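Close look at the chain arrangement
Each chain is listed here by its residues.
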Amino acid sequence: MRWVQHYQYRCRDRLSGNQVPEGRCAKSQKPSEKEKTCFKRQCPPVWKIFPWQACSVNCGGGSATRAVRCMDTLPDGRQHWLHDSFCPQPKPSTVRPCNPRMCPRWYAGEWSPCSVTCGWGEQVREVLCRHEGDMFCDLNAQPVTRRNCTTIFSCTDPDDPRLVAEHDDYAGQQELSFGISHVKADIVVDATETKHLDLPKYIVSDWSPCSATCGISVRTRYVRCQVQLQYLKQMVDLPDAECTEPKPNLSEPCNLEPCFKDFKWIPQGLTPCSRSCLGGTQETHLVCVHKISNLTQPDENCIHAEKFPIERKVCNEIPCPQRWRIGGFGECSRSCGGGLMNREVKCIQQIDVSLDRVLNLPDLMCEQPAPPTSRDCNTQPCPANWAFGHWSQCSVSCGVGIELRPVVCQRITQDGDPLDVDEYHCPPTERPEAERICNMSACPELKIKELQMKFFQMNPMDKVRLFVGGEASILPGTSVLILCPVNGKDKKKIEWLKNGKPVRPNAQIAISKRGNLRIKKVWPRTDDGKYTCVIGNKKSSIKMTIIEFMHAMQETFLREQYLRGYMNNDSASHVDPYDKKVRPLQVLVSEWSPCSTTCGHGVKKRKISCELIAEDYFEVFPLKVCKKYGIQIPTVMEKCNFKPCTKWAADEWSQCLNDKCLKKDYSYKVRTVKCFNEMNSSIVHDKYCHKASKPPTQKECKNPACQPVWYTSEWTECLANCGESGYQTRMLMCVWAGGELPAGRNCEGLARPVLLRPCFNHCTHGMWTSQLKPKPLECVDESNYCKIVPVMKLCRFKNFQTKCCHSCSSKAQDPPS
């Protein structure tokens, strides 16, 4: 299917770049609509996070769970559940602690002494509901606060005969001993009251929180054998032997996610051979184990562990026995209500795997009975069929990966809509392939991990550690260690350059065995420069500048206000790459710059930086790092100076003029410059525009026609009497070719034409007559040189007009200068 995108055009202000109503733009200049072909790309799988479920307990520390699934969206909008490995890692948490507050419970104090020293009295105690008010504890389970007490001593005269009776009554009594809160009280109860005792039973408390946040953990609870004494209206503890029911467990394991860092992959033999004959393959079998106990664990525990390289080898290179080749069942003869599917069953022996060459044998040579060639199908009221979507993108960008596509079992409803049903409704042998291998380009073997960051030292430090990929400003006297993290190659092969030249180790600078560059006590002009690590065809650099203490103090002033919390903005916790400590990452904002214009929608700017500030240094990161943590980024630019402005507008330059030659090969171009109001584009007087900024109205241009040439006038008549020899002369002038304008001294160096030549006056141009001498003409030339006056364009001057009247009258007069 072909998809297209259409370009959309908006009218924007040329100065501010803001979108304005379309009426501000000329409709005739609006570009014609364009379109380009595009393709609808399938979205990658994403995590679908379901709501948190209710807490497992109301108090005492429990846990809440939620479902997190890796979902792929099909082209028709439906979603398919994939394995977690196809979504971005790490996976969002599925368990969190909840309800940490302690559960409300009744707590009873110790009994007070008996209110009498002889005879019958009363004991009291204090009962409280801990952690909450009394209304939150179970009133039915509230312990008693009062009870009767007595002693065996009579309060009467020892000779009183009633004492003997009391002693006889006492012989008919029995004493029950029980303990409450580790305090024993002997209470004499009438034997007739024992019938009111309930049977002892186990009483359990709420579960405690899990002993760990991941891996193997347990939770515990208290279990006590107690009995309810109706006479005292309270529960008392008894030995476990008094309870006949099984004792509940005191602890149980907690179902938490495993501690992924505690597991690893280890090789354990080979997988079964992929073929039983004609050469199959088997590869290294990896087992997930615990790093300490080496006990086998589920593969899911090693989802983040580093895997071993897989080795493969050929196996079972023996001939294949005769077997049945069973084809897939064909289409059902009926769509529902019971039909028949057929398949092809042949007795074969495979002799070649790569070409799939087989020998067809009689059926009796294969194991009997032969597999059935048909079976019943579509016995359900409505049919269910397999449906599949588009293949996903390859799981890797290089190397060998897999492609997936959703495969679901669907049944067509009475409305004609597809409905997903359990997969057992569809024939398992007809299930379409849901994954396949994809081979991408070879993976790069070498990579330098750069850290795009600017490190700035504010206070003296003994040593700093830097990474390639950024910049660093270091105070003098500090030792520097520059790291070049490399993946895919031996770090011992790292080479270092300084300003493009190889670094030669000495007492000041050295390269460690891990390929890191060490510089002792850097100094200005000696250790400034660009340091580059090179390995293979990869390289990365860091620019290091040795700064003065005054420069460091200037940068420190602003950062100390943020470090001390006087100007803290929105911040987020970030791991400092320098010392791996967690520090606040925040945005620093400078003062606004002056407005870019004095009128007509200008802008003012300020510097915004994403920084992590420590006591002795600060680090500047790209703004996208702060955006990643959800920190609000202030605006960098604002509008200002909204008053209208006037502006010079210049027309297009004319062609290079032939009559404006300036010098050899050069002339002038001219144009018209006008002042107009930018708000309504009206022309105004030039005084309203800034004269100093007025564009030039003429400029020099190259004109090959501007060549200096000697111009000569016509020769004068022969200056001699009739029949005598004389001479002729003419005027010489340097002019520009074509325009014949004076060219000054530009003809110097050119050959000068002859200005004087001999002649003989034959007097053939006139004759004597007998007529009377005519009267003098009113307009005559008074000089033999008047013929060159029009050529030199001198007739515009009054004295030349008078002396050369005839010559100036015969030529069109030049306009006055």
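The written sequence of each chain sets the order in which its residues are numbered from 1. Reporting of local features is limited, given that this is a predicted model, to residues whose pLDDT is at least 70; pairs of side-chain atoms are given and counted only at 80 or more, and all residues count toward the totals for whole chains, interfaces and linings. Where side-chain values are given, they derive from all heavy atoms of the structure, hydrogens and water being excluded.

The name recorded for the protein chain in an unreviewed UniProt entry is Protein madd-4-like isoform X5, from Biomphalaria glabrata.

Right, let's talk about the overall build of the protein chain for a bit. For helices the rule is a DSSP run of H or I covering at least 4 residues; for strands it is a run of E covering at least 2, with both sets numbered from the N terminus onward. Along the backbone of the protein chain there are six helices and 58 strands. Note on contacts: a residue pair qualifies if any of its non-hydrogen atoms lie within 4.5 Å across the two residues. Restricting to contacts in the protein chain with at least 6 residues of sequence separation, those with at least 24 account for 59%. What sets the accessible areas is the Shrake-Rupley method with a 1.4 Å probe; for residues, cover comes only from the shown protein chains. Total accessible area on the protein chain stands at roughly 55400 Å², and carbon and sulfur atoms take up 53% of it.

Our focus in this paragraph is the layout of surface pockets. Using a 1 Å grid laid over the protein atoms alone, points where a 1.4 Å probe fits but cannot get out form a cavity; open sets with protein on both sides within 12 Å along at least 5 of 7 lines form a pocket; any residue with an atom within 4 Å of a point counts as lining. Grid points are joined across faces, edges and corners, and a volume is the space filled by probe spheres set on the points. Its boundaries defined by the atoms lining it, the second largest pocket holds a volume of some 1100 Å³. His83, Ser85, Trp265, Ile303 and Lys307 are, among the 32 residues lining the second largest pocket, the residues nearest its centre. Sort the elements by how many residues they give to the lining of the second largest pocket and strand β20 (residues 280–290) lands first, with four residues. Among the residues making up the lining of the second largest pocket, the classes are represented as 13 nonpolar, nine polar and 10 charged. When residues are sorted by character, Ala, Val, Leu, Ile, Met, Phe, Trp, Tyr, Cys and Pro go into the nonpolar class, Asp, Glu, Lys and Arg into the charged class, and all the rest, Gly among them, into the polar class.

Looking now at the packing of aromatic side chains. Aromatic ring pairs are described here by two measures, namely the spacing of the ring centres and the angle between the planes. Working definition: a ring pair exists when centres of Phe, Tyr or Trp rings (six-membered ring for Trp) sit within 6.5 Å. Plane angles under 30 degrees give stacked, over 60 give edge-to-face, the rest tilted. In total, this model carries four aromatic pairs according to the counting rule given. Taking the centre distance of 4.9 Å and the plane angle of 55° together, the rings of Tyr578 and Tyr617 count as tilted. Pair noted here: Tyr578 is in the loop between β44 (571–575) and β45 (582–589) and Tyr617 is in strand β48 (residues 617–621), with a separation of 39 residues, a long-range link. In this structure an aromatic cluster arises from ring pairing among Phe455, Tyr578 and Tyr617. The criterion is that NZ of a Lys, or CZ of an Arg, lies within 6 Å of the ring centre and within 35 degrees of the ring normal, and then a charge sits over that ring. We note Arg405 situated over the ring of Phe388; from NZ or CZ to the ring centre the distance is 4.2 Å. Above the ring of Tyr666, the side-chain terminus of Lys663 is found at 5.1 Å from the ring centroid.

Another aspect to go through is helix α2 (residues 549–563). Fitting axes to the seven residues ending at a residue and to the seven starting there, one defines the bend at that residue as the angle between these axes. Roughly 35° is the biggest bend found in α2, and it falls at Phe557. Turning to α2, its buried residues are Ala552, Thr556, Arg559 and Tyr562. Gly565 sits one or two positions beyond α2 and adopts a positive phi of about 85°. The cut-offs for exposure are 20% and 50% of the maximum accessible area for each residue type, with area from a 1.4 Å probe on protein chains only; residues under the lower value are buried, those over the upper are exposed, and the others partly exposed.

Okay, a positive patch on the surface next. A residue counts toward a patch only above 30% relative accessible area and without a salt bridge, and it is joined to like-charged neighbours within 9 Å or, for Val, Leu, Ile, Met, Phe, Trp and Tyr, to nonpolar neighbours within 5 Å. Salt bridge, as used here: a side-chain nitrogen of Lys or Arg that lies within 4 Å of a carboxyl oxygen of Asp or Glu. Residues scored as positive are Lys and Arg, those scored as negative are Asp and Glu, and His as well as the terminal groups of each chain are ignored. Where a charge lies is defined by one atom per residue type, namely NZ (Lys), CZ (Arg), CG (Asp) and CD (Glu). Together, Arg10, Arg12, Lys27 and Lys30 line one region of the surface with positive charge. Relative to the helices and strands, Lys30 resides in the loop between β1 (3–6) and β2 (35–38).

The topology assignment puts Glu611 in strand β47 (residues 608–613). Classification of Glu611 by relative accessible area gives buried; the value is 1%. Pairs of N or O atoms are called polar contacts if they sit within 3.5 Å, as long as, within protein, a hydrogen donor faces a hydrogen acceptor (for residues adjacent in sequence, only side-chain-to-side-chain pairs). Side-chain polar atoms of Glu611 contact the side chain of Arg559, separated by 2.6 Å. With near-sequence residues (within four places) excluded, Glu611 lies in contact with Arg559, Pro584, Leu585, Gln586, Leu588, Phe618, Glu619 and Val620.

You can see Arg730 is positioned in the loop between β56 (725–729) and β57 (732–736). No salt bridge is formed by the buried Arg730; the nearest opposite charge belongs to Glu714, separated by 10 Å. A distance of 2.8 Å separates the side chain of Arg730 from the backbone oxygen of Val754, its partner in a polar contact. In this structure Arg730 touches Thr712, Ser713, Glu714, Trp715, Pro753, Val754 and Leu755, once residues within four positions along its chain are discounted.

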